[in-house]
Amino acid sequence: MIGIFFAEGYEEIEALTVVDILRRGKVDIQMISITEDKVVKGSHGIPVEMDHTLSEVDLGGMDMMILPGGMPGTRNLEACDTLMQALDAQYKADKYIAAICAAPTVFGHRGYLQNRKACCYPGMEGDLTGAEVSFDKAVKDGHVITGRGMGCAIAFALLILETLQGKEAAERMAESIVYEA
């Protein structure tokens, strides 16, 4: 299972684009609230109903953990100790983690980006501690995937799909949604 984690103030397009593209690709991605509230509002006040709350899922059983950006969503994700402990375990087990926009800074703060290529929202590169900063739309280095921001959400989601199902699957998806890189 793939988990994408929602905190109040997440960036709607970044989160929901990933969910949409992966579900179109028949990937089991679950939207998970980091609180006990099943409805989470994004940074632009759009409420979205989650599949699960944090207490309802086996965080150790994730194939990939994804953090959308947005403010204050990114800060709220980083303040969730249960999520951060699970993310640390995921990283240490060499299992996939992904983040876009402001959320790659969480990876930088936790030491995941040492000697890795990574990208984030413009102006936040200083928080990508130890990273070789990239200005590509989305970057994969080992088991860590990062994306720059809302305008790069499709590229980020397609890179995740490629990671899970291969380049051909991502190319077919890009063609079916009329996306041109």
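The present account deals with the structure reproduced in this document.

Cut-offs applied
- Residues numbered from 1 in each chain as written.
- Predicted model: local features only at pLDDT ≥ 70, side-chain atom pairs only at ≥ 80, totals over all residues.
- Heavy atoms only, no water.
- Helix = DSSP H or I, 4+ residues; strand = E, 2+ residues; numbered from the N terminus.
- Rg over C-alpha atoms; globule rule 2.2 N^0.38 Å.
- Buried < 20%, exposed > 50% of the residue type's maximum accessible area, 1.4 Å probe, protein only.
- Contact = heavy atoms within 4.5 Å.
- Areas by Shrake-Rupley, 256 points an atom, 1.4 Å probe, with all protein chains shown as cover.
- Lys, Arg positive; Asp, Glu negative; His and termini not counted.
- Charge placed at Lys NZ, Arg CZ, Asp CG, Glu CD.
- Expected span 1.5 Å × (residues − 1).
- Phe/Tyr/Trp six-rings, centres within 6.5 Å; stacked < 30°, edge-to-face > 60°.
- Pairing = 2+ DSSP bridges.
- Axes fitted to C-alpha atoms, helices over the stretch in contact; angles between N-to-C directions.
- 1 Å grid on protein atoms, 1.4 Å probe; cavity = no way out; pocket = protein on both sides within 12 Å on 5 of 7 lines; lining within 4 Å.
- Points joined across faces, edges and corners; volume = space filled by probe spheres on them.
- Nonpolar A, V, L, I, M, F, W, Y, C, P; charged D, E, K, R; others polar.
- Left-handed = near helix turned anticlockwise from the far one by under 90°.

Points about the overall build of the protein
Logical step 1: Within the protein, the secondary structure is distributed over six helices and 11 strands.
Logical step 2: Here the protein has a C-alpha radius of gyration of 15 Å; the compact-globule value for 181 residues is 16 Å, and the two agree.
Logical step 3: If you line up the protein on its principal axes, its C-alpha atoms span 40 × 35 × 30 Å.
Logical step 4: When each of the 181 residues of the protein is scored for burial, the buried share is 54%.
Logical step 5: Across the protein, contacts joining residues at least 24 apart in sequence account for 61% of those joining residues at least 6 apart.
Logical step 6: Of the accessible surface of the protein, which amounts to about 8100 Å², a share of 49% is contributed by carbon and sulfur atoms.
Logical step 7: Mean positive and mean negative side-chain charge positions of the protein (16 and 27 charges, respectively) differ by 3 Å.

Quick notes on helix 3 (residues 81–92)
Logical step 1: When the terminal C-alpha atoms of helix 3 are compared, their 16 Å separation across 12 residues agrees well with the 16 Å that a helix rising 1.5 Å per residue should span.
Logical step 2: Where helix 3 is concerned, the buried positions are Leu-83, Met-84, Ala-86, Leu-87, Asp-88, Gln-90 and Tyr-91.
Logical step 3: Where helix 3 is buried, its residues meet strand 1 (2–6), strand 6 (64–67), helix 2 (73–78), strand 7 (96–100), helix 4 (104–109) and strand 11 (144–147).

Observations concerning the packing of aromatic side chains
Logical step 1: Per the counting criterion, the structure on display carries three aromatic pairs.
Logical step 2: Seen from their ring centres, Phe-107 and Tyr-112 are 5.5 Å apart, and the 50 degrees between their planes marks the pair as tilted. Comparing Phe-107 with Tyr-112, the two get one shared label, buried.
Logical step 3: Members of the aromatic cluster, joined through ring pairs, are Tyr-91, Phe-107 and Tyr-112.

Regarding the sheet that holds strand 2 (residues 29–33)
Logical step 1: Spatial ordering of the open sheet is given by 5-2-1-6-7-11-10, a layout of seven strands whose pairing is mixed. Each having just a single partner strand, strand 5 (52–53) and strand 10 (138–141) make up the two edges of the open sheet.
Logical step 2: Bridge count between strand 10 and strand 11: four bridges; the pairing is antiparallel. Bridge pairing in strand 11 links Ala-138 to Gly-147.
Logical step 3: Those strands touched by helix 3 are strand 1, strand 6, strand 7 and strand 11, and its axis lies near 130 degrees from that of strand 6.

Quick look at the layout of surface pockets
Logical step 1: In this structure, the largest pocket encloses a volume near 250 Å³.
Logical step 2: Lining the largest pocket are Lys-137, Ala-138, Ala-155, Leu-158, Leu-159, Glu-162, Lys-167, Ala-170, Glu-171, Ala-174, Tyr-179 and Ala-181.
Logical step 3: Listed by contribution, the elements that provide at least two residues to the lining of the largest pocket are helix 5 (153–165) and helix 6 (167–176).
Logical step 4: Here the lining of the largest pocket is composed, by residue class, of eight nonpolar, no polar and four charged.

What to know about the packing of helix 5 against helix 6
Logical step 1: Interaxial distance between helix 5 and helix 6 falls to 7 Å at its minimum, and their mutual angle equals 145 degrees. Pair helix 5 / helix 6 crosses with right-handed handedness. Within the contact between the two elements, helix 5 uses Leu-158, Leu-161, Glu-162 and Gln-165 and helix 6 uses Lys-167, Ala-169, Ala-170, Met-173 and Ala-174.
Logical step 2: Of the residues assigned to the contact of helix 5 with helix 6, the class counts are six nonpolar, one polar and two charged.

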